[in-house]
Amino acid sequence: MRTATITRNTSETQIAVTVDLDGTGSYDIETGVGFFDHMLEQLSRHSLIDLHVRTRGDLHIDQHHTVEDTGIAIGEAVAKALGDKRGIRRYGDALSPMDETLTRVALDISGRPWLVWKTDFSQKRLGEMDTELFKHWFHSFAQAAGITLHVETLHGENNHHIAESAFKGLARALRTAVEIDPRKGDAIPSTKGTLGGEAA
Ligand SMILES: [Mn+2]
């Protein structure tokens, strides 16, 4: 079973995350930030990764710790559920259109975290969510999951579409990359024999 649960408690946030990589895209998400919940629901629905998230964060300060630590916990849960990554496709990409917006996402479950982020917002907030936190969430997730992640919005105007196309693109790329490739048997998809994060 490729499932994992992460609980993460600090003075700033208390988080419980459960993932099932071989799920159906069912979710139950409450972070206290409505727009953020909406994005994580997209992530689950389009990756087919079941996602249960409960975050109680210090929202009386701002949303920073809530968004960052939820990204870390989801990344850690995905990494834990992947285990030694035996049999996975490893690479995934998606062109993610949403009306006038088009975002390209490419990723490698490499064990070498990296984020390239070429996505800008013209509004400071979406709903009550600070738009600068989207980059921060993707960075936190990529670091914790050990994923090389490229996100680039090729064009877009509507800020809601820009954010949503990025999360949906991540979802679809992740769906492919975490999937078991029946042609690989139980091989670890690296000529080094490990995807533990050693130098390229
Ligand atoms: Mn939407």
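Presented here is an overview of the structure given in this document. What you see is a predicted model, and the numbers here were worked out from it, not measured in a lab. (Residues numbered from 1 in each chain as written. Predicted model: local features only at pLDDT ≥ 70, side-chain atom pairs only at ≥ 80, totals over all residues. Heavy atoms only, no water.)

## Regarding the coordination of the manganese ion
Here is step 1 of the chain: The coordination sphere of the manganese ion, as far as protein atoms go, consists of His38 (NE2), His160 (NE2) and Glu164 (OE), spread over 2.0 to 2.3 Å.
Here is step 2 of the chain: Sequence positions of the residues that donate to the manganese ion give the spacing H-x121-H-x3-E. Of this pair, His38 sits in helix H1 (residues 34-47) while His160 sits in helix H4 (residues 159-178); the two residues are 122 residues apart in sequence, bridging distant segments of the chain.
Here is step 3 of the chain: What makes His38 partly exposed here is its relative accessible area of 25%.
Here is step 4 of the chain: Using a relative accessible area of 29% as the deciding quantity, one classes His160 as partly exposed. (Donors = N, O, S within 2.8 Å, 3.2 Å for Na, K, Ca; no water. Helix = DSSP H or I, 4+ residues; strand = E, 2+ residues; numbered from the N terminus. Buried < 20%, exposed > 50% of the residue type's maximum accessible area, 1.4 Å probe, protein only.)

## So, the sheet that holds strand S4 (residues 50-57)
Here is step 1 of the chain: One open sheet holds the 4 strands; their spatial order is S1-S2-S4-S3, and the pairing between them is mixed. Strands with a single pairing partner mark the edges of an open sheet, and in this sheet they are strand S1 (3-9) and strand S3 (27-30). Pairwise comparison of adjacent strand axes, ignoring direction, gives a mean angle of 5° for this sheet.
Here is step 2 of the chain: As defined by bridge partners, S1 adjoins strand S2 (residues 13-20) across 7 bridges and the pair is classed as antiparallel. Looking at the pairing, Ile6 lines up with Val17 of S2.
Here is step 3 of the chain: In this fold H1 packs onto S3 and S4, with an angle of close to 160° to the strand it touches most, S3.
Here is step 4 of the chain: Helix-sheet contacts for helix H2 (residues 64-82) involve S1, S2 and S4, and the interaxial angle to S1 is about 145°. (Pairing = 2+ DSSP bridges. Axes fitted to C-alpha atoms, helices over the stretch in contact; angles between N-to-C directions. Contact = heavy atoms within 4.5 Å.)

## Some words on unusual backbone geometry
Here is step 1 of the chain: In the Ramachandran plot, Arg90 falls in the positive-phi region, its phi being about 80° despite a non-glycine side chain.
Here is step 2 of the chain: Inspection of the secondary structure puts Arg90 in the loop between H2 and strand S5 (91-98).
Here is step 3 of the chain: A residue is classified by how much of its surface remains accessible, and Arg90, at 10% relative accessible area, is buried.
Here is step 4 of the chain: A positive phi angle, near 50°, is found at Asp99, a position not held by glycine.
Here is step 5 of the chain: Along the chain, Asp99 turns up in the loop between S5 and strand S6 (101-108).

## Observations regarding empty space enclosed by the protein
Here is step 1 of the chain: Per the stated rule, a full pass over the model turns up 1 cavity of 30 Å³ or more.
Here is step 2 of the chain: Reported here for the largest cavity is a volume of approximately 50 Å³.
Here is step 3 of the chain: Taken together, Val19, Leu43, Ser44, Ser47, Ile49, Leu51, Ile74, Val78 and Leu174 form the lining of the largest cavity.
Here is step 4 of the chain: Looking at the lining of the largest cavity, the elements with two or more residues in it are H1 and H2. (1 Å grid on protein atoms, 1.4 Å probe; cavity = no way out; pocket = protein on both sides within 12 Å on 5 of 7 lines; lining within 4 Å. Points joined across faces, edges and corners; volume = space filled by probe spheres on them.)

## Brief notes about H1
Here is step 1 of the chain: Under the 1.5 Å per step criterion, the end-to-end length of H1 is 20 Å for 14 residues, consistent within 8% with the ideal 20 Å.
Here is step 2 of the chain: Of all the residues in H1, the buried ones are Phe35, Phe36, Asp37, Met39, Leu40, Gln42, Leu43, Ser44 and Ser47.
Here is step 3 of the chain: Looking one or two residues beyond H1, the residue adopting positive phi is Leu48, at roughly 65°. (Expected span 1.5 Å × (residues − 1).)

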